[in-house]
Every structure is written in C-alpha cells, then in structure tokens.
Amino acid sequence: MERHEFLAKLGIGLAAVCTGCSLVSCGSNPKNEDPTPGSDGNIFTTNLNTELLNIGDAKVSNGVILARTAAGNTADAFSAVQVACTHEGTFINYNQAGGIYICPLHGSRFSKEGSVLQGPAVNSLKKYNVVISGTNLNVRA
Ligand code: FES
C-alpha cells in the first residue's frame, strides 16, 4: 500500500499532514488540471482482488480519488472524482459515515457525484467514469 492510499484509507488528506504545505495541490494556487489518460484511455486501473475491498476504502492516483461506496464489484459501488478541492486545491477525503467527500482545509463537502453540498467551494468536483472489466476497475474520463 502506498502512502497516499494509506492516508486516504485513514481519512487523512495529504494537506492535513503537511503543515506549511509546499505541495502544488495545496494553498491558493490549485493545480486542477485534467489527468492524462494512458494509451488505453484509462486514467488508472485498480485490481479489485487486492484493493478497495471494504466500503469506505479510497485510493488516490493521477489527480483522482476513487472510493468504494457500496458492496459488490459493479460500477455503481464506486465513486471517482477529482481529488483537488475546487476551493483552493487541497486533497479531499472520502467520509464513509456521511457517504460524501470532505475537504480537510475549510470544510467544503461534496456528494459522491461531486456536487457541492457545503461551501466555501462553489464549483462541483469533476466526476470520472468507472468501468469494471473482470477484476480490474478502470477510471476513465
Ligand atoms: S481548500 Fe477545500 S474548502 Fe478550502
């Protein structure tokens, strides 16, 4: 498990642990660029035999946070949205109890579909498509 996966699983965003943050995704100069898909069209792929096994598990890769929101290996059991908050670019976390995304910096809340539920963010998160192929889950634009 990579560090960002571990932190996402704990519900701790990178910004929450980087006081005096120098990451490009933090602060008032967010980098909300669209992730670049690979030649296969996938932004990233996850093996469902080994990752995201439990409801609430989340993974961050290539600018996207992917969360398991329900049981089963069907596309509607997952949510994939941009990981950078639309307010100032802090990495958001998936909150299993609420079934929503929460930004740890100023508290914006977003639905699983990326809509703003509570500001200060005013713009929705970009939502990505989830495609299941065998035991692989592909996140696509
Ligand atoms: S950076 Fe997310 S609410 Fe401000």
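Residues numbered from 1 in each chain as written. Predicted model: local features only at pLDDT ≥ 70, side-chain atom pairs only at ≥ 80, totals over all residues. Heavy atoms only, no water.

Asks: When you look at the nonpolar core in this model, what are you seeing that I'm missing?
Replies: Grouped together as the largest cluster of nonpolar side chains are 15 residues, with contacts concentrated most on I65, V81, V83, C85, I92, Y101 and F110. Listed by contribution, the elements that provide at least two residues to this core are β2 (58-61) and β3 (64-68). By size, the runner-up hydrophobic cluster in this structure holds 13 residues, among which are L48, V64, V130 and L137. (Core = buried A, V, L, I, M, F, W, Y, C linked by side-chain atoms within 4.5 Å. Buried < 20%, exposed > 50% of the residue type's maximum accessible area, 1.4 Å probe, protein only. Helix = DSSP H or I, 4+ residues; strand = E, 2+ residues; numbered from the N terminus.)

Asks: What's the story with the side chain of T46 in this structure? I'm lost.
Replies: Position of T46 among the secondary structure elements: in strand β1 (residues 42-47). Within the local environment of T46, its side chain forms a polar contact with the side chain of K59, the two groups lying 3.3 Å apart. Not counting the four nearest positions on each side in its chain, T46 is found in contact with E51, L52, K59, L66, T135, N136 and L137. (Polar contact = N/O pair within 3.5 Å; in protein donor to acceptor, adjacent residues only side chain to side chain. Contact = heavy atoms within 4.5 Å.)

Asks: Would you take a moment to explain the packing of aromatic side chains for this structure?
Replies: Two measures describe an aromatic ring pair: the distance that separates the ring centres and the angle between the ring planes. In this structure the tally under the stated criterion is one aromatic pair. Ring centres of Y94 and Y101 lie 5.3 Å apart, and the angle between their planes is 65°; on these two criteria the pair is classed as edge-to-face. (Phe/Tyr/Trp six-rings, centres within 6.5 Å; stacked < 30°, edge-to-face > 60°.)

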